[in-house]
Amino acid sequence: MDQSAMTIFVCVSCRGQGEGEGGSGLALVNALRDKFAAASAEGVAVKPVECLAVCKRPATVAMVGAGKWTYLVGDLTAADHLDEIVEAALSYQRSENGIVPWKERPASFRKGVVARIPPLGFEIQEQQTT
Ligand code: FES
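Keep in mind it's a predicted model, so treat the numbers as computed, not measured.

*Asks:* How should I be thinking about the overall build of the chain in this particular structure?
*Replies:* Along the backbone of the chain there are three helices and five strands. Counting helices and strands in the order they occur from the N terminus, the chain gives β-α-β-β-β-α-α-β. Here the chain holds 130 residues, and the buried ones make up 35% of them. In the chain, 68% of the contacts between residues at least 6 apart in sequence involve partners at least 24 apart.

What follows is the structure, given as structure tokens:
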């Protein structure tokens, strides 16, 4: 399992104020692709998706990696958060299990996380009881 490969799904159905179909999300997909290409970042795919069910907090993204926790984050825009999304994605990519240390989380991720979801097969380590 390649733990460095990851995907950022970006909702392209989200609409910000005064934006048409694909407004904020589509701009974010294109800007992120350009940014990762310019940085020669390998293993990060940026893919459009329709509705991540966080419609009141556009634009919404999900960070997904094999064997890693998935993060769902809202309130992001290409204009304001592009560098922070890239920074968070690279931290996510470096992480062993997808959980990015708090100090490495940009402000928009500290405020914008909607949910985190464990990877398939996850089991909590039960405390031993005597
Ligand atoms: S339309 Fe973007 S999360 Fe639903």
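We are not done yet, so read on.
*Asks:* Can you walk me through the sheet that holds strand β5 (residues 113-117) in this structure?
*Replies:* Hydrogen bonds between backbone atoms are what pair the strands of a sheet, whose relative direction is either parallel or antiparallel. Spatially, the five strands line up as an open sheet ordered β2-β1-β3-β4-β5, and their pairing is mixed. Of all the strands in the sheet, just β2 (44-49) and β5 have a single pairing partner and so form its edges. Going across the sheet, the axis of each strand differs from the next one's by a mean of 15 degrees, ignoring polarity. The sheet contact formed by strand β4 (residues 70-73) and β5 spans four bridges and is antiparallel. Its bridge partner being in β5, L72 is matched across the sheet by A115.

*Asks:* Would you mind going over the nonpolar core with me for this structure?
*Replies:* What tends to happen in soluble globular proteins is that the nonpolar side chains get buried as a cluster. Of all hydrophobic cores here, the largest spans 33 residues; its most connected members are I8, V10, V61, A62, M63 and A89. Listed by contribution, the elements that provide at least two residues to this core are β1 (6-11), α1 (23-38), β2, β3 (61-65), β4 and α2 (78-94). Once you skip the residues sitting within four places of it in the chain, A89 turns out to touch M6, I8, V44 and M63.

*Asks:* What should I look at first to understand unusual backbone geometry in this one?
*Replies:* Only a minority of non-glycine residues have a phi that is not negative, and only a minority of peptide bonds are not trans. The omega angle of the peptide bond from P58 to A59 is -20 degrees, so this bond is cis rather than trans. Structurally, A59 can be placed in the loop between β2 and β3. Unlike most non-glycine residues, C51 shows phi in positive territory, near 55 degrees. Mapped onto the elements, C51 comes out in the loop between β2 and β3. Since 12 C-beta atoms lie within 10 Å of it, C51 is described here as exposed.

*Asks:* Sorry, what's going on with α2 here?
*Replies:* Given 3.6 residues to a turn, an α-helix orients residues that are three or four positions apart in the same direction. End to end, α2 covers 23 Å across 17 residues, agreeing with the expected 24 Å (1.5 Å per residue, within 8%). The sharpest bend along α2 comes to roughly 30 degrees, located at E84. Along α2, the residues classified as buried are A78, H81, I85, V86, A88, A89, Y92 and Q93.

What counts as what
- Residues numbered from 1 in each chain as written.
- Predicted model: local features only at pLDDT ≥ 70, side-chain atom pairs only at ≥ 80, totals over all residues.
- Helix = DSSP H or I, 4+ residues; strand = E, 2+ residues; numbered from the N terminus.
- Buried ≥ 20, exposed ≤ 12 C-beta atoms within 10 Å, placed from the backbone.
- Contact = placed C-beta atoms within 7 Å.
- Pairing = 2+ DSSP bridges.
- Axes fitted to C-alpha atoms, helices over the stretch in contact; angles between N-to-C directions.
- Core = buried A, V, L, I, M, F, W, Y, C linked by C-beta atoms within 7 Å.
- Expected span 1.5 Å × (residues − 1).
- Bend = angle between axes of the 7 residues up to and from the residue.

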